[in-house]
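If you want the building blocks of each chain, they are given just below.
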Amino acid sequence: MDQLNSLPYLDRVVRETLRLYAPVPETTRVAEKDDVIPVSEPFVDRFGQVQDSIRISKGASILIPILALNRSKKYWGEDAHEFKPERWESSSEAAASVPGVWSHLLTFLGGPRACIGYRFSVVETKALIFVLVRAFEFALAVPPEEIEKKTSVVQRPQLRSAPDQGAQMPLLVTRYTRE
Ligand code: HEM
């Protein structure tokens, strides 16, 4: 585990993948009581009124937009939608206020009900990539536009032409040979 965690580029690739393609794109919470949430900047509500807080009623469902925050240009800059492992060479000061349990991202959420498996998950992902990309080369076996994502808590790929076949992403895998 220490060995895997000491590989900087692997670390950047995993962080960037889990930022841009957070497997759980959103989640919800239900308010246990009426409350008022202060906001950092005033906003205009749907009635055109400027508000500096959000009123929440008991029982209201609140969506936590994990993926939208992970991809926010405000936190990650104009290139927030691009896959750039190099962005992790330095830390984003703007994202420092995101209360995620890992990496200033909401991928594993934050607070007392954050994911308890995140360290395991990150190192497992690193182990898989470390073994697989050194032994094989991967290419899509179908045109990229054939792949779409389906979300049911977790995002998974499926084929546009065969949604009834469930999650899949056909790949061509060839053995990697060093020149
Ligand atoms: C990339 C992989 C994973 C992602 C993106 C992920 C993400 C999340 C997220 C967003 C939550 C909060 C859901 C919510 O409360 O609405 C959560 C909760 C949780 N995760 Fe993960 N998770 C991952 C892997 C794992 C693994 C490998 C384990 C166990 C070994 C695990 C165990 C849990 C548990 C037990 C909770 C519930 C914690 C609680 O409610 O107190 N997760 N996870």
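- The chain appears in an unreviewed UniProt entry as Cytokinin hydroxylase from Trametes pubescens.
- The annotation that UniProt attaches to the chain under Pathway (unreviewed entry) is "Secondary metabolite biosynthesis."
- Comment text from UniProt for the chain, heading Cofactor (unreviewed entry), reads "heme".

**What to know about the overall build of the chain**
- Of regular secondary structure, the chain possesses five helices and eight strands.
- In sequence order, the secondary structure elements of the chain are arranged as α-α-β-β-β-β-α-α-α-β-β-β-β.
- Expressed as lengths along the three principal axes of its C-alpha atoms, the size of the chain is roughly 65 × 40 × 30 Å.
- Pairs at least 24 residues apart make up 58% of the contacts formed inside the chain by residues separated by at least 6 positions.
- Of the roughly 12,600 Å² that the chain leaves accessible, carbon and sulfur atoms contribute 56%.
- Considering the chain, the positive charge centre built from 23 side chains and the negative charge centre built from 23 side chains are found 4 Å apart.

**A look at helix H2 (residues 8-20)**
- Taking 1.5 Å per residue as the helical rise, H2 with its 13 residues ought to reach 18 Å, and the 18 Å between its terminal C-alpha atoms agrees with that figure.
- For H2, the complete set of buried residues consists of Leu10, Asp11, Val13, Val14, Glu16, Leu18, Arg19 and Leu20.
- Where H2 is buried, its residues meet helix H1 (2-5), helix H3 (66-70), helix H4 (73-76) and helix H5 (118-135).

**Focus on the nonpolar core**
- Core analysis: the largest hydrophobic core is formed by 21 residues, its most contacted members being Leu18, Trp76, Trp102, Phe108 and Val122.
- With residues near it in sequence (within four places) discarded, Trp102 still touches Val14, Arg15, Leu18, Phe108, Tyr118 and Val122.

**A closer look at the pairing of strand E2 (residues 35-44)**
- Relative to strand E3 (residues 50-56), E2 runs antiparallel, the two being bridged by six bridges. For Val36, the partnering residue across the bridge sits in E3 and is Arg55.
- Between the antiparallel neighbours E2 and E3 lie five residues, among them Gly48 with a positive phi of about 85°.

**Quick notes on a nonpolar patch on the surface**
- Among the surface-exposed residues, Leu128, Val131, Leu132, Val133, Phe136, Phe138, Leu140, Met169, Leu171 and Val173 lie close enough to one another that they form a single nonpolar patch of about 830 Å² accessible area.
- Of all the elements in the fold, those that place two or more residues in the nonpolar patch are H5, strand E5 (136-140) and strand E8 (171-175).
- Ranked by residues supplied to the nonpolar patch, first place goes to H5 with four residues.
- Position of Met169 among the secondary structure elements: in the loop between strand E7 (154-159) and E8.

**Side note on the packing of aromatic side chains**
- For the structure on display, the rule yields four aromatic pairs.
- Ring geometry for Trp76 versus Trp88: centroids 5.2 Å apart, planes at 50°, classification tilted. Taken together, the residues span a long stretch of sequence, with Trp76 in helix H4 and Trp88 in the loop between H4 and H5 at a distance of 12 residues. In this structure, Trp76 and Trp88 share a single accessibility class: buried.
- Ring centres of Phe136 and Phe138 lie 6.4 Å apart, and the angle between their planes is 65°; on these two criteria the pair is classed as edge-to-face.
- Phe136 gets classed as partly exposed once you look at its relative accessible area, which sits at 30%.
- Relative accessible area serves as the criterion here: at 39%, Phe138 is assigned to the partly exposed category.
- The ring of Phe130 has Arg134 sitting right over it, with the charged end atom 4.0 Å from the ring centre.

Conventions adopted
Residues numbered from 1 in each chain as written. Predicted model: local features only at pLDDT ≥ 70, side-chain atom pairs only at ≥ 80, totals over all residues. Heavy atoms only, no water. UniProt positions renumbered as here; feature names shortened; annotations may be inferred. Helix = DSSP H or I, 4+ residues; strand = E, 2+ residues; numbered from the N terminus. Contact = heavy atoms within 4.5 Å. Areas by Shrake-Rupley, 256 points an atom, 1.4 Å probe, with all protein chains shown as cover. Lys, Arg positive; Asp, Glu negative; His and termini not counted. Charge placed at Lys NZ, Arg CZ, Asp CG, Glu CD. Expected span 1.5 Å × (residues − 1). Buried < 20%, exposed > 50% of the residue type's maximum accessible area, 1.4 Å probe, protein only. Core = buried A, V, L, I, M, F, W, Y, C linked by side-chain atoms within 4.5 Å. Pairing = 2+ DSSP bridges. Patch = residues over 30% accessible without salt bridge, like charges linked within 9 Å, V, L, I, M, F, W, Y side chains within 5 Å. Salt bridge = Lys/Arg side-chain N within 4 Å of Asp/Glu carboxyl O. Phe/Tyr/Trp six-rings, centres within 6.5 Å; stacked < 30°, edge-to-face > 60°. Lys NZ or Arg CZ within 6 Å of the ring centre and 35° of its normal.

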